[in-house]
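The residues making up each chain are set out below.
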Amino acid sequence: MILDASNFPDGHQLSAHICIVGAGAAGISLALALEDAGLDVLLLESGGLKAEHETQDLYQGTVSDEHLHSLPDRYRQRRFGGSTTIWGGRCVPFDPIDFEARPWIPHSGWPIAYGDLLPYYGKANELCEAGSFAYTVGKAFEAEPRAMIVGFKSPHFSTDTLERFSCPTDFGRRYGAYLRASTRVTVLLHANVTALSLNNAGSALNGATVSTLNGRTMTVRADQFVLAAGGLEVARLLLSNRDVHSNGIGNNSDLVGRYYMCHMAGTIGAIKLNQPNKVHHGYDVDMNGVYCRRRFALSSATQRQHRIGNFVARLHHPRITDPAHRTGLLSLLYLAKGIIPYEYGKRLHGEEHLSAQAILLHLRNVICDPFGTALFLIHWLRYRTLAKRKFPSIIIKPRAGLYSLDFHAEQEPNPNSRVRLGTLRDALGIQQLDIDWRYTEGDVLTVKRALALLSDDLRCSEVGSFEYDIDSVELEMTRYGAYGGHHLGTARMGSDPRNSVVDSNCRMHGIDNLFIASSAVFPTSSQANPTLTIVALALRLADHLKAVANRRQYVSAANPERAPRNEKASPVPESIT
Ligand SMILES: Cc1cc2nc3c(=O)[nH]c(=O)nc-3n(C[C@H](O)[C@H](O)[C@H](O)COP(=O)(O)OP(=O)(O)OC[C@H]3O[C@@H](n4cnc5c(N)ncnc54)[C@H](O)[C@@H]3O)c2cc1C
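Residues numbered from 1 in each chain as written. Predicted model: local features only at pLDDT ≥ 70, side-chain atom pairs only at ≥ 80, totals over all residues. Heavy atoms only, no water.

1. Structural notes on the overall build of the protein chain
Helix and strand counts for the protein chain stand at 14 helices and 22 strands. Against the compact-globule benchmark of 25 Å for 577 residues, the protein chain has a radius of gyration of 24 Å, which places it among compact chains. Considering only C-alpha atoms, the protein chain reaches an extent of 75 × 50 × 50 Å along its principal axes. When burial is assessed residue by residue, the protein chain has 59% of its 577 residues classed as buried. Considering only residue pairs separated by 6 or more positions, the protein chain has 76% of its internal contacts joining residues 24 or more positions apart. Approximately 23,100 Å² of the protein chain is accessible, and the part contributed by carbon and sulfur atoms is 52%. (Helix = DSSP H or I, 4+ residues; strand = E, 2+ residues; numbered from the N terminus. Rg over C-alpha atoms; globule rule 2.2 N^0.38 Å. Buried < 20%, exposed > 50% of the residue type's maximum accessible area, 1.4 Å probe, protein only. Contact = heavy atoms within 4.5 Å. Areas by Shrake-Rupley, 256 points an atom, 1.4 Å probe, with all protein chains shown as cover.)

2. What about the side chain of Arg-540?
Positionally, Arg-540 belongs in helix 14 (residues 531-552). An unpaired buried charge is present at Arg-540: no salt bridge exists, and Asp-116, the closest side chain of opposite charge, is 5.2 Å distant. Contact partners of Arg-540, with chain neighbours within four places excluded, come to Ile-112, Asp-116, Leu-117, Tyr-120, Ser-504 and Asn-505. (Lys, Arg positive; Asp, Glu negative; His and termini not counted. Salt bridge = Lys/Arg side-chain N within 4 Å of Asp/Glu carboxyl O.)

3. A short note on the domain arrangement of the protein chain
According to the domain assignment, the protein chain consists of domain 1 (1-130 + 170-263 + 414-439 + 487-555), domain 2 (135-165 + 265-316 + 400-409 + 444-477) and domain 3 (319-395). Between domain 1 and domain 3, the contact holds seven residues from the first and six residues from the second. Taken together, both faces of the contact between domain 1 and domain 3 bury some 700 Å²; the carbon and sulfur share is 38%. It is Arg-74, Tyr-75 and Glu-129 in domain 1 that bury the most area against domain 3; as a group they hold 59% of the surface buried on that side. Scanning the region where domain 1 abuts domain 3 turns up one residue pair in polar contact (both at pLDDT 80 or more). (Domains from an automatic or database assignment. Buried area = accessible area lost by both parts, 1.4 Å probe. Polar contact = N/O pair within 3.5 Å; in protein donor to acceptor, adjacent residues only side chain to side chain.)

4. Here's the deal with the pairing of strand 18 (residues 418-425)
Sheet faces and side chains relate simply in a regular strand, where the side chains alternate between the two faces. Where strand 18 and strand 19 (residues 431-436) come together, five bridges link them in antiparallel fashion. If you follow Leu-421 over to strand 19, its bridge partner there is Leu-433. Connecting strand 18 to the next strand, strand 19, in antiparallel fashion are five residues, including Gly-429 with a positive phi near 90°. (Pairing = 2+ DSSP bridges.)

5. Quick notes on the packing of aromatic side chains
One pass over the structure, following the stated rule, counts 21 aromatic pairs. Aromatic side chains Tyr-114 and Tyr-121 sit 6.3 Å apart centroid to centroid with 40° between the ring planes, which places their arrangement in the tilted category. What links up through ring pairs into an aromatic cluster is the set Phe-94, Phe-99, Trp-110, Tyr-114, Tyr-121, Phe-133, Tyr-135 and Phe-522. The lysine or arginine in question, Arg-293, covers the ring of Tyr-283, its NZ or CZ lying 5.4 Å from the ring centre. (Phe/Tyr/Trp six-rings, centres within 6.5 Å; stacked < 30°, edge-to-face > 60°. Lys NZ or Arg CZ within 6 Å of the ring centre and 35° of its normal.)

6. As for the sheet that holds strand 5 (residues 90-91)
Strand order in the open sheet formed by four strands is 5-7-14-13, and the pairing between neighbours is antiparallel. With one partner strand each, in any of the chains shown, strand 5 and strand 13 (284-285) form the two edges of the open sheet. In this sheet, strand 14 (residues 291-294) lies alongside strand 13 in antiparallel orientation, the contact comprising two bridges. Residue pairing across strands places Val-285 opposite Tyr-291, the latter belonging to strand 14.

7. Topic: the packing of helix 8 (residues 328-335) against helix 11 (residues 370-385)
For the pair helix 8 and helix 11, interaxial distance at closest approach is 8 Å and the crossing angle is 70°. When the interaxial angle is binned, helix 8 and helix 11 end up roughly perpendicular. Residue-level contacts link Gly-328, Leu-329 and Leu-332 of helix 8 to Thr-373, Phe-376 and Leu-377 of helix 11. Among the residues forming the contact of helix 8 with helix 11, the class breakdown is four nonpolar, two polar and no charged. (Axes fitted to C-alpha atoms, helices over the stretch in contact; angles between N-to-C directions. Parallel < 35°, antiparallel > 145°, perpendicular 65-115°, else oblique. Nonpolar A, V, L, I, M, F, W, Y, C, P; charged D, E, K, R; others polar.)

8. Looking at the site of the ligand
The environment of the ligand is made up of 37 residues, and the closest members are Glu-45, Arg-79, Ser-83, Arg-90 and Thr-531. Within the backbone of Ser-46, a nitrogen or oxygen atom sits 3.1 Å from a nitrogen atom of the ligand. In this structure, a nitrogen atom belonging to the ligand sits 2.8 Å away from a side-chain N or O atom of Thr-531. Burial of the ligand by the protein amounts to 95% of the accessible area it has alone, namely 990 Å². Those elements giving two or more residues to the shell around the ligand turn out to be helix 1 (25-34), strand 9 (192-198), helix 9 (342-349) and helix 14. Considering only residue class, the shell around the ligand consists of 16 nonpolar, 15 polar and six charged. (Near = heavy atom within 4 Å.)

9. Concerning a nonpolar patch on the surface
A surface patch of nonpolar side chains, about 450 Å² in accessible area, is lined by Leu-335, Ile-359, Leu-360, Leu-363 and Ile-367. Of all the elements, helix 10 (residues 356-368) adds the most residues to the nonpolar patch, at four residues. Inspection of the secondary structure puts Leu-363 in helix 10. Judged by relative accessible area, Leu-363 falls into the partly exposed class, the value being 38%. (Patch = residues over 30% accessible without salt bridge, like charges linked within 9 Å, V, L, I, M, F, W, Y side chains within 5 Å.)

Spelled out as structure tokens, the structure:
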């Protein structure tokens, strides 16, 4: 069922076998996976069913350099469904090399291997509605689709791996009805977890405090707690609870909030392909109607040989802001940037102010290319605006085979890149986050080497050329700052409590019943977008929690009540319909 905490009486007490904090991709996937386990699950969500300013403002905070990292209330959503209410839906699994301890990448290495997550990736793909777990051309398509660039041969890059696209699925909207009908899972909206109470020894969580913006306070008791509040907010919750552990929960080794990673992303250079009609940079559709796309993926052998991180790149349209592309639609997008949401228009919004002359040139492009623009708008309306499964992005066949390169690279873990508690407090009295995101020379090296290899490979296979200014690589990597919506590493996974926060089961070291389901636990970032792996990890955690519950025999015939078990005899409001 779905209830609203703001309708509960002040002082109410709730209990469940498992309490999950946060109903985004991680929290909802976990709750769904526990639904049939005979356990009472309480899913506490700060937001409501829709976006609300007052709740979103609880995400406000500060950043050391706004040029390098967006303010923390951008690129995340505090509402049922979390940031999947606005995500792009690109699904990519991690590669086996991402889990390895790589001597050339300091602090790399997971305590689990690719094989430990593999059994969960299929179901994760299903929950994301990204079709089957088939991430190579050979597996995804019965007939071989068009080559990305006919004649391109490379010892360093594969063009046979895929990214697949979710609808994009808003987890709240998609699974809300199912959770509403559940007799085992109770979703509590407008339930902000504001405190976590440890026992005196600091070895177990006794309970959590829930506060609402209309002034109610409640307490929650549970056998197991899972923080699924997103990669930044998990750190905030741990750091802001200091009554037993003076540095914050699980922070004896001063690791919570450190190693904060996003991805290194940018658009660079000019790719000129000799035979434009032998290039396919758009989407293919698999037998389930799922959009898939090839890209240049750096092989693990090359990563080892060149001692660099993971890297992928895609053919991309020329820089929109420069009217020299002479494409009506791109100019129209530039001129309409005011109505594009910040998260998707940042590359336009962030651009330096254009001269009146440049604006006139954009207008000329639109006027001179009416058919191209109109055709695109019709396609967009039909396959994006009105479609349930949305066409993932703007694909334009550029004039004269001229493209730019869009890259997405691994950022290495760095203890000095971190989030901390700031001095300001939110409306519920919790200290806001202050974000100090940093990148390293190793990050720049990964991108520089990968670009150089790709340029050589395009030239050597005689399909075209890739020209870029080697001195501008670092500028282009950071032109729009850290990749916005990927918040990783703030409570890293490892086997040694001296250099990690959670163990291989995502349990906080030294705290018996506190787990984390989030990209906060990623020790390294891969080239892959995080959500598929967040969901796979949440499903793996569900199996672990079920095993713990069976071992400890929570599910006893003597206690067949449904969640939330009401310890105080106060009326519980009716389920939201
Ligand atoms: C514009 C954009 C595009 C993106 N595109 C992609 C993409 O293409 N592919 C991809 O893999 N990823 C993408 N992402 C990232 C993706 O959205 C996140 O990885 C994913 O949503 C994280 O899920 P989560 O459940 O860990 O956290 P969230 O989605 O952040 O959910 C956390 C939930 O916890 C709740 N919460 C927070 N604090 C509290 C509290 N104190 N008490 C109770 N509840 C709380 C929040 O309200 C929220 O509902 C994108 C993100 C953005 C912003």
